Each structure stands twice: as structure tokens, then as C-alpha cells.
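Structure at a glance
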Amino acid sequence: MRGRARGNAPGKLTAAARAWATGHGGGAQADQDALTRASDLPAWIRDRSAQAQVEVGPEEVDAVALFIALDTQWQVHPMTGMRLGLRYEAVPAAAAALGLDLNPALFADLRIMEGAALSAWAARP
């Protein structure tokens, strides 16, 4: 992971995940609204980030890219439809597809974002 030690400044990751979760309606527009351009964001994020709410810097790019790539990989309660957490078995494949080194720091950042999204969904009326 680029220039970031585990546990450093999870605030931006939390803000990005909450923005994604509260605006998420299952489409690319919600992802676009949740993120802003950072100079080295992968092109597939950069092209969709014109109307941003949360700025992510170079040190958060990998975690945000992985989190968004896992959009369809949430465990869902069969009766309530409530999201329970990410399907961790999908994480290595998504990381590999993005060309990311799945290391403990990246996984910790992903879990920060997962927790923030779950908290945002739990807070909805």
C-alpha cells in the first residue's frame, strides 16, 4: 500500500464509506457522488467522480478502490435484506483484479470502511 502505515488517519476512509453507503442506490451515480478526484485514482474511479463529496488522497486510493470493487459482495440477511458485512472470500480476487497487494494494512483499511458503511446503514430510519 502506498505510503500509509496501518491505523493512520482512518477518518477519510470512514467518511468515504459513509458517503458511499448513505447515497448508495445500487448504481454508479451514488459511487460517483461519494468520491472526489485524487491525482492518482485509478481511471475507472476518476472518470466517475465529477460531483464529489469526500476527498480521498493517494494514501487512501487503494482501500477506496477495493471497497467500491466489492460493491456486490455483501452478505445479506435472507429475511430482512440487511447487509451483514463483506464476503471476505471475495476480497483476494477483487484485490488481484485491481492489481493490489492485499496486505494487513489494506485489509485493515477495508474493514474500517466496511464498519463505517454498516454503521451508516444501521443509523437509517
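Here the structure is shown first, and the text comes after it.
Quick look at the structure, then. The numbering scheme is per chain: residues are counted from 1 as the chain's sequence reads. Totals for whole chains, interfaces and linings use every residue, but because this is a predicted model, local features are given only for residues with pLDDT of at least 70 and side-chain atom pairs only at 80 or more, for both listing and counting. Side-chain descriptors were evaluated using all non-hydrogen atoms of the structure, hydrogens and water having been removed beforehand.

Take the overall build of the chain next. When helices and strands are tallied, the chain shows six helices and two strands. For helices the rule is a DSSP run of H or I covering at least 4 residues; for strands it is a run of E covering at least 2, with both sets numbered from the N terminus onward. Going residue by residue from the N terminus, the α and β elements of the chain occur as α-α-α-α-β-β-α-α. Burial analysis of the chain (125 residues in total) assigns 42% to the buried set. When checking whether two residues touch, look at their non-hydrogen atoms; a contact exists if any pair is within 4.5 Å. Across the chain, the fraction of contacts at a sequence separation of at least 24, relative to all contacts at a separation of at least 6, is 54%. If you sum the accessible surface of the chain, you get close to 6,400 Å²; carbon and sulfur atoms cover 53% of it. A simple rule labels every residue: compare its accessible area, found with a 1.4 Å probe on the protein chains alone, to the largest value its type can have, and call it buried under 20%, exposed over 50%, or partly exposed in between. Calculation of accessible area relied on Shrake-Rupley with a 1.4 Å probe; when residues are assessed, cover is drawn exclusively from the protein chains displayed.

Formed by 26 residues in total, the largest nonpolar core has its most connected members in Trp20, Leu66, Phe67, Leu70 and Met113. When residues of this core are traced back to their parent elements, those giving at least two are helix H1 (11-23), helix H4 (61-69), helix H5 (91-97) and helix H6 (104-123). The residues touching Phe67, leaving out its near neighbours within four places in the chain, are Ala17, Trp20, Trp74, Leu110, Met113, Glu114 and Ala117. Throughout this description, the term nonpolar core refers to a set of buried Ala, Val, Leu, Ile, Met, Phe, Trp, Tyr and Cys residues connected via side-chain atoms within 4.5 Å.

Time to look at the environment of Ala93. Positionally, Ala93 belongs in helix H5. Its relative accessible area of 54% is what places Ala93 among the exposed residues. Once the C-alpha coordinates of Ala93 and Leu70 are considered, the two residues, 23 residues apart in sequence, prove to be 9.8 Å apart.

Now for the environment of Val91. Mapped onto the secondary structure, Val91 falls in helix H5. Its relative accessible area of 1% is what places Val91 among the buried residues. Through-space distance from the C-alpha of Val91 to that of Leu70 is 7.3 Å; in sequence the pair is 21 residues apart. Once residues lying within four places of it in the same chain are set aside, the contact partners of Val91 are Leu66, Leu70, Leu102, Phe107 and Leu110.

Below, the discussion takes up the packing of H4 against H6. A fitted line through C-alpha atoms serves as each axis, taken over the contacting stretch for helices, and the angle formed by two N-to-C directions is quoted from 0 to 180°. Interhelical geometry of H4 versus H6 gives an angle of 55° and a closest axis separation of 9 Å. On the basis of the axis angle, H4 is oblique to H6. Considering how the two elements wind past one another, H4 and H6 form a crossing that is right-handed. Every residue of H6 that contacts H4 at Asp62, Ala63, Val64, Leu66 and Phe67 is listed here: Leu106, Asp109, Leu110, Met113, Glu114 and Ala117. Residue composition of the contact of H4 with H6, grouped by class: eight nonpolar, no polar and three charged. Note on terminology: angles under 35 degrees are roughly parallel, angles over 145 are roughly antiparallel, angles of 65 to 115 are roughly perpendicular, and the others are oblique. By the definition used in this description, the sense in which the near helix is turned from the far one sets the handedness, with an anticlockwise turn below a right angle giving left-handed and a clockwise turn giving right-handed. Classification convention: Asp, Glu, Lys, Arg as charged; Ala, Val, Leu, Ile, Met, Phe, Trp, Tyr, Cys, Pro as nonpolar; all other residues, Gly among them, as polar.

Once that is clear, we can look at H4. Among the nine residues of H4, eight are classified as buried, and the element is accordingly described as predominantly covered. Turning to H4, its buried residues are Val61, Asp62, Ala63, Val64, Ala65, Leu66, Phe67 and Ile68.

Aromatic rings considered in pairs are described by the distance between their centres and by the relative angle of their planes. Centres within 6.5 Å make a pair out of two Phe, Tyr or Trp rings, where for Trp the six-membered ring is used; the pair is then stacked when the planes are under 30 degrees apart, edge-to-face when over 60, and tilted otherwise. Counted under the stated rule, the structure contains three aromatic pairs. Relative to Phe107, the ring of Tyr88 has its centre 5.3 Å away and its plane inclined at 70°; by these criteria the two rings are edge-to-face. Placement of the pair is Tyr88 in the loop between strand S2 (83-86) and H5 and Phe107 in helix H6, with a sequence separation of 19 residues. For Tyr88, a relative accessible area of 32% translates into the label partly exposed.

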